[in-house]
Amino acid sequence: MASEEFERLVEKAVNEGVRGEVRDEAGGVWSGSWVAERLGVELVGDDRLTDMLGLALRRNPKRAHLLVSNVLGKHVPQSPSVVHGHGVELGRRVRALLGDEEAARAVVLGYAETATGLGHSVADGLGLAPYLHSTRRPVAGVTAAGGFEEAHSHATSHLLLPEDPALLSGDGPLVLVDDEFSTGNTVLNTIRDLHERYPRRRYVVVALVDMRSAADASRLADFAGEIEARVDLVTAARGTVRLPEGVLEKGQELVARYEPESAEGSSAGAAPSWSLARFPAPLEGDADTPLSGARGTARTTPTGPHPDDNRIDLRWPADLPDGARHGFTPAHRERLEAALPGMAARIAEALPEGARRVHILGFEELMYAPLRLARELERVTDLEVRYSTTTRSPVLAVDDPGYAIRTRLAFPAHDDPADGPGERYAYNVAGAGFDAVVAVVDSAGDTPALHAPDGLLARLAAHTPRVLLAVIPSYVPERPSMLPEPLRGPDFSSYAPEEVGWLLQDLSDVTLEAPTEEREEAIQSGGAHYAESLPVEYQPSERYQELFHAALDDSAARIAQAAGVVTETVLAECGPRPVLVSLARAGTPVGILMRRWAQYRHGIDLPHYAVSIVRGRGIDANALRWLAAHHDPRDVVFVDGWTGKGAITRELAQALEEFEKSDGITGFSSEIAVLADPGSCVRTYGTREDFLIPSACLNSTVSGLISRTVLRADLVGPHDFHGAKFYRELAGTDVSVAFLDAVSARFPEVEDAACAQAKELLAADRSPTWEGWAAVERICEEYGIHDVNLVKPGVGETTRVLLRRVPWKILARAGAGSDLDHVRLLAEQRGVPVEEADELPYTCVGLIHPKYTRGATGADGKAVSV
């Protein structure tokens, strides 16, 4: 359904629900007067309070009275437009409070079981945010992302089981929805638990009624100050309950006195029992029986000889969640909206001829789907539709107009609950004169207990001429297995384990290398992506190794100063404890140097990880999910060695934007901190000079013996990290740690200069000019190159061309000195011409052959020509 149509229906729900009549089934008598008169309980507050609430008693050692909502759709059958409309109106107010930008970053969290449907409705009114509700039903294979206790509830423990564990880890507002805000304990427990794991700056508490005392209100404000977060409150009505002394004992005495009289047989107007044979139960152990809540469609095949003519096949859309136990997104809402007219029509067709009053009965936490079905049935027919749900809360029933719970149907639990068997209840359904009741359950609740002689269907059949059953498939997320912990040395890489954790999978036993010329032809022909294979590791000659060590001796201090500058900049702008995340593998040595500088200068140990980013494929989304689950995304700083033309900078920005849309995780910044930024592509850098960084001279032997990263569908599944190899066999020529030690040994001599330079940069305009990208475009035009990816600017990128690709020619800035000694040597070995060029913003630029095939090379595979 189009969003405009959904907005129209939401507006209609608001108009009909909030401004519509709250039906008074008691003929004008307040449904709290019975309790008020006998216990001296008073409701004081807004004029709307007694319209919205009645009172009842329950057998509970913590609280005698129960506030019974007339607009929630739990204990009191109500028009579904009234129920949905109240929630939608609250959601609209939250959206107005937050503004659309913040509302789009929000997450709505509702409380089981009573407020699951209300939270859904609030999310409908908010319109832009995903929704999750707590649950008391554990689901096999789904790990809890949190939990909390509701002290006054009949069943106290709540679980949070989002399909996407990162749903709660964003930094947008968290909107907490409950039916009543009585003491604030539940909200405090929730925020306390979640804030420790996923701190954020803003919370909004939403409730139909705020019944807190002044002391409880003050406690919430104090708590907000304690956690340094803003907490807003949005309610439909406010008031308080005045309780006389001894009310708990008096309430228990009343419950004991009236309990024997509150049997279900006390309800008036009981109808003859309906034949139980018309509700064939699933057989125990039947493979088609969804006893455990596994994903599947509702059972539609009758068991036994009787026709299953009381089941309604809703044709629930495949893989659409039945609710928000594991999360419900705006996209899910759109799918539901599109399917509702057809499902309501199937319910209408199944109703008995002449039916005028119809009740849609939901099932404990399954409140929203039955509510929307009831609302749609009300919208498309002229039936009088009422809606409520079953509950696990035991409440005294008294058949008096001044009491909120007139009748009670008791029946055994039928969803194999974690806390064991027990009674469940449906209130105010018996004796209400319904021509038909449609029980809506999920497939986890479609068990033999539902169909038993003392089950819910039998209880309903004794009080209405027609009982129908609609089963919605229980949604169980296909959760990926837990992502593994980072790989660390010495098992993976030659770096010390505390220096870096690799968010990669080890593909060391897989043959991935291919001759450079074969790889180049496959890449340029479109037959393969460069990340699907690896080049054969370059084995440096003795002369080349001498050049590396000479370059390191010459540039170690310059690199140390650049490392200090970029680290001081990051610490100043990103907080005292950033999480360094290197883009493997060129960024990894730089990330380690930054970590070492923070230890040397500030005495802090920064977390440091390495992740894979692949041009054209984006950053490893599973690595981002792991990071979001273990750190605040706002603390993550991506690190790379240098910039060329800025392709990876753009790749990261696009990938993070797509990741936010797909996963709803926000907070990651696309800014990259680099040692050198000759292309002027980033704000955070150590220098913008294009000089030789010796780690660019070699491959794995200066990068912890780790290969370039690999992304290939047959090796990397949708729930795997990208892969890489650990070349243990090259340990004899490894200079990875020697490189780091040589640079960090120069920290003391450059400390003052680095700190002074960082201070100057922090006060300067460091906005990227993208000068490098413009230069690459000019080179492409001048040399007739059709693809900017074939132009690799800067010393580091030029070196990579010579080591990994099939080079065409090297452009060198006139007068470039020893920084290019290793480039000239590699070019000589590959038979590649080096041409001097004027007005080049880089020291050199490597050009990959623009029309490469193996026929474009000489017999030795070196002489490249066009």
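Overview of the structure. Please read all numbers here as calculations on a predicted model, not as lab measurements.

Here the focus is the overall build of the protein. Per the secondary structure count, the protein includes 23 helices and 32 strands. Across the 866 residues of the protein, 60% fall into the buried class. Contacts in the protein between residues at least 24 apart in sequence constitute 78% of all its contacts with a sequence separation of at least 6. Here the protein displays about 32600 Å² of accessible surface, and carbon together with sulfur accounts for 49% of that area.

Inspection of every chain in the model, using the stated rule, returns 41 salt bridges. A salt bridge links Arg 746 to Glu 749; its shortest N-O distance comes to 2.9 Å. Arg 746 sits in the partly exposed class, given a relative accessible area of 26%. Here Glu 749 falls in the exposed class, since its relative accessible area comes to 54%.

A word on helix 19 (residues 736-744). Restricting attention to buried positions, one finds in helix 19 the residues Ser 736, Phe 739, Leu 740, Val 743 and Ser 744. End-on view of helix 19: buried residues confined to an arc of 120°, all on one side of the axis. The inward-facing, buried residues of helix 19 abut helix 15 (542-574), helix 16 (587-602) and helix 20 (747-763).

Note on sheets: strands pair through backbone hydrogen bonds, and any given pair is parallel or antiparallel. Spatial strand order, 11-17-16-12-13: five strands in an open sheet with parallel pairing. Each edge of the open sheet is held by one strand with a lone partner, namely strand 11 (311-312) and strand 13 (384-390). With two bridges connecting them, strand 11 and strand 17 (residues 467-472) associate as parallel partners. Within strand 17, the residue paired with Ile 312 across the bridge is Ala 470. Along the sheet, helix 11 (residues 368-380) makes contact with strand 12 (357-363), strand 13, strand 16 (436-442) and strand 17, crossing strand 13 at roughly 175°.

Inspection of every chain in the model, using the stated rule, returns 14 aromatic pairs. Both rings, one in Tyr 783 and one in Trp 808, keep their centres 6.4 Å apart while their planes meet at 85°; by these two values the pair is edge-to-face. Of this pair, Tyr 783 sits in helix 21 (residues 771-783) while Trp 808 sits in strand 30 (residues 807-813); the two residues are 25 residues apart in sequence, bridging distant segments of the chain. When its relative accessible area of 10% is taken as the criterion, Trp 808 is described as buried. Counting every residue linked through ring pairs, the aromatic cluster contains Phe 492, Tyr 495, Trp 502 and Phe 726. Over the aromatic face of Trp 770 sits the side chain of Arg 650, whose NZ or CZ is 4.6 Å from the ring centroid. Between the NZ or CZ atom of Arg 650 and the centre of the ring of Trp 773, over which it lies, the distance is 3.9 Å.

With five of five residues buried, strand 3 (residues 65-69) is to be regarded as a mostly interior element. Judged by which residues are buried, strand 3 turns out to be covered on both faces: His 65, Leu 67 and Ser 69 on one side and Leu 66 and Val 68 on the other are all buried. Bridge count for strand 2 (residues 53-57) against strand 3 is five bridges, and the pairing is antiparallel. Across the sheet, Leu 55 pairs through a bridge with Leu 67, a residue of strand 3.

Basis of the calculations
- Residues numbered from 1 in each chain as written.
- Predicted model: local features only at pLDDT ≥ 70, side-chain atom pairs only at ≥ 80, totals over all residues.
- Heavy atoms only, no water.
- Helix = DSSP H or I, 4+ residues; strand = E, 2+ residues; numbered from the N terminus.
- Buried < 20%, exposed > 50% of the residue type's maximum accessible area, 1.4 Å probe, protein only.
- Contact = heavy atoms within 4.5 Å.
- Areas by Shrake-Rupley, 256 points an atom, 1.4 Å probe, with all protein chains shown as cover.
- Salt bridge = Lys/Arg side-chain N within 4 Å of Asp/Glu carboxyl O.
- Arc of directions from axis to C-beta.
- Pairing = 2+ DSSP bridges.
- Axes fitted to C-alpha atoms, helices over the stretch in contact; angles between N-to-C directions.
- Phe/Tyr/Trp six-rings, centres within 6.5 Å; stacked < 30°, edge-to-face > 60°.
- Lys NZ or Arg CZ within 6 Å of the ring centre and 35° of its normal.

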